[in-house]
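Residue strings, one per chain:
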Amino acid sequence: MKRLITLMLVAMFSMGTLTACNTMAGVGEDVQKVGEKVEDKAEDCKDAHC
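All of these numbers come straight from a predicted model, not from anything done at the bench. (Residues numbered from 1 in each chain as written. Predicted model: local features only at pLDDT ≥ 70, side-chain atom pairs only at ≥ 80, totals over all residues. Heavy atoms only, no water.)

## Side note on the overall build of the protein chain
The helix and strand tally for the protein chain stands at 2 helices and 0 strands. When the 50 residues of the protein chain are sorted by exposure, 8% land in the buried category. Taken as a whole, the protein chain presents about 4400 Å² of accessible surface, with 63% of it coming from carbon and sulfur. (Helix = DSSP H or I, 4+ residues; strand = E, 2+ residues; numbered from the N terminus. Buried < 20%, exposed > 50% of the residue type's maximum accessible area, 1.4 Å probe, protein only. Areas by Shrake-Rupley, 256 points an atom, 1.4 Å probe, with all protein chains shown as cover.)

## Considering a nonpolar patch on the surface
Together, Met1, Ile5, Met8, Leu9, Met12 and Phe13 line one region of the surface with nonpolar side chains, adding up to about 640 Å² of accessible area. With respect to the helices and strands, the residue leucine 9 is situated in helix α1 (residues 2-18). Owing to a relative accessible area of 39%, leucine 9 belongs among the partly exposed residues under this scheme. (Patch = residues over 30% accessible without salt bridge, like charges linked within 9 Å, V, L, I, M, F, W, Y side chains within 5 Å. Salt bridge = Lys/Arg side-chain N within 4 Å of Asp/Glu carboxyl O.)

## Concerning a negative patch on the surface
Side chains of Glu36, Glu39, Asp40, Glu43, Asp44 and Asp47 sit close together on the surface and give a patch of like negative charge. Considering the arrangement of structural elements, one finds glutamate 43 in helix α2 (residues 24-48). Take glutamate 43: its relative accessible area is 41%, and that puts it in the partly exposed class. (Lys, Arg positive; Asp, Glu negative; His and termini not counted. Charge placed at Lys NZ, Arg CZ, Asp CG, Glu CD.)

## A word on the environment of methionine 1
By secondary structure assignment, the location of methionine 1 is in the segment before α1. What makes methionine 1 exposed here is its relative accessible area of 74%. The spatial distance from the C-alpha of methionine 1 to the C-alpha of cysteine 45 is 9.8 Å, given a sequence separation of 44 residues.

Rendered as structure tokens:
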């Protein structure tokens, strides 16, 4: 669980740093993409019994 939380925080900070969003809509899209990646990783972890 700690690994997943750490991965999620790193992903959020990386996306915020590496992308340049000029509008709130852009920020929302970036957050949504990060959420999808975290969700995919959580499903993979659940399937593999991490």
